[in-house]
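Geometric and topological summary
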Amino acid sequence: MKHINVALFVANEGCPHTCSFCNQRTISGFTKRLKPEDVDEACSVALSSGRVDAKTSEIAFFGGSFTAIDRDYMLCLLERANEYINKGLFKGVRISTRPDCINEEILNILKKNGVSAIELGAQSMDDCVLSLNERGHTADDVRNASKLIKEFGFELGLQMMTGLYGSSYGKDVFTAEELIKLNPETVRIYPTVVLEGTRLAELMRSGEYKPQTLDEAVELCARLLLMFEDNGIKVIRLGLHSGGNVDEGYLAGAYHPAFRELCESRIFLKKMLSLLENKDKSKQYVFEVAEKSLSKALGQLKSNEKALKNEGYCCIIKCNTILEKYEIILKE
């Protein structure tokens, strides 16, 4: 039994803006309107696996601005999802929406209809970046909506993007710092990916926008991951999910099927290099890491071992069963 989100995509429904980076049909791979019968089908598939933990698993409506869609349509989907929640088969409903589509009225409706977690697409906490990317809301909208969501007792999730048009390493770190102040339970970090059919694609072709490279995104997101986890905030997604039609629409940006693993490997590499600073390169060193972290410490295709060797260090990386996730012990 394990936590499972039954993910259902309400693509492009209700969103009042077309952001510079958005081609939701490409991201989700869906073109048809979600129906209550689709909720039944997705839940049935998940439940038939026999692995759903009813105490933690949720039915999740992603992809659009859920609280901005037609009210009757929204309630129709929630009512169907609630049939499974009322039977004790799932914990509740998780939705994603815009910060400017949250108010007390809508939160009361969500509270009565089984919603347990609300994720806000903040994307940036820099108003200039938000404006350049045609988000249609401000950083204060994120702050105000987050405060209301917490006051109503919902689990708060926040989503941010790195490498947006007009952003920078420093602005992305600032966004993470501001999101931490809002004390969300969860965070998703998405490096910007340029998709065909978007304003961002036009800006890239004109030379006005330069996408992040994979290495730039890994370097930044490794830092952001530690920032959130050091503050007790769970990063539940790091990098755009693979699948759907993303590969078909992809033009540029940091898109990799194992992006999180690359970031976690970078964390270990930076820690190991820091511990080796000013050490005698003629000696051999042993690094010990948590058993579950061994593959990440080694790096994909043992890339971290190779990087240490390129720096002139002879190192062995092995596991230690008593260490925590990102802990490292250096032995000479």
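The rules behind these values
- Numbering of residues starts from 1 in every chain and runs along the sequence as written.
- With pLDDT at 70 or above as the cut-off, local features in this predicted model cover only qualifying residues; side-chain atom pairs require 80 or more to be listed or tallied, and sums for whole chains, interfaces and linings still use all residues.
- Computation of side-chain values covers all heavy atoms of the structure but excludes hydrogens and water.
- Between N-to-C directions, angles cover 0 to 180 degrees, with each direction set by a line fitted to C-alpha atoms, over the stretch in contact for helices.
- In this text, helices come from DSSP runs of H or I with a minimum length of four residues, and strands from runs of E with a minimum of two, each type numbered from the N-terminal end.
- Between 65 and 115 degrees an angle is taken as roughly perpendicular, under 35 as roughly parallel, over 145 as roughly antiparallel, and anywhere else as oblique.
- Note on convention: the crossing is left-handed when the near helix lies turned anticlockwise from the far helix by less than a right angle, right-handed when the turn is clockwise.
- We call two residues in contact when some of their heavy atoms are within 4.5 Å.
- Asp, Glu, Lys and Arg are counted as charged, while Ala, Val, Leu, Ile, Met, Phe, Trp, Tyr, Cys and Pro are counted as nonpolar; the rest, among them Gly, fall into the polar class.
- A cavity here means a set of points on a 1 Å grid, drawn over the protein atoms and nothing else, where a 1.4 Å probe fits but cannot get out; a pocket is an open set with protein on both sides within 12 Å along at least five of seven lines, and a residue lines either one if it has an atom within 4 Å of a point.
- Grid points are joined across faces, edges and corners, and a volume is the space filled by probe spheres set on the points.
- The rule for pairing is simple: two strands pair if DSSP sees at least two bridges between them.

This part covers the packing of helix α7 (residues 169-181) against helix α9 (residues 214-230). Look at α7 against α9: their axes get within 10 Å of each other, and the N-to-C directions meet at 15 degrees. As judged from the angle between their axes, α7 and α9 are roughly parallel. The chirality of how α7 crosses α9 is right-handed. Residues Tyr 169, Asp 172, Val 173, Ala 176, Glu 177, Leu 179 and Ile 180 of α7 pack against Leu 220, Arg 223, Leu 224, Met 227 and Phe 228 of α9. Among the residues making up the contact of α7 with α9, the classes are represented as 9 nonpolar, no polar and 3 charged.

Turning to the layout of surface pockets, a few remarks are in order. By volume, the largest pocket amounts to about 1200 Å³. Around the largest pocket sit 45 residues that line it, and Phe 62, Glu 119, Gln 159, Arg 188 and Tyr 190 are the ones nearest its centre. If you tally residues by element for the lining of the largest pocket, the top one is strand β6 (residues 186-191), at 4 residues. Along the lines of polarity and charge, the residues of the lining of the largest pocket split into 15 nonpolar, 19 polar and 11 charged. Here the second largest pocket is characterised by a volume of approximately 180 Å³. Around the second largest pocket, the lining residues are Leu 214, Asp 215, Val 218, Leu 262, Ser 265, Arg 266, Leu 269, Gln 300, Ser 303, Asn 304 and Ala 307.

Let us now look at the sheet that holds strand β10 (residues 284-289). Spatially, the 3 strands line up as an open sheet ordered β11-β10-β12, and their pairing is mixed. At either end of the open sheet lies a strand with only one pairing partner, and these are β11 (314-319) and β12 (328-331). Here the strands of the sheet are splayed against their neighbours by 25 degrees on average, with no regard to which way each runs. Alignment of β10 against β11, held across 6 bridges, turns out to be parallel. Within the sheet, the bridge partner assigned to Val 286 lies in β11 and is Ile 316. Packing of helix α11 (residues 259-276) onto the sheet brings it into contact with β10, β11 and β12, and relative to β12 it is tilted by some 35 degrees.

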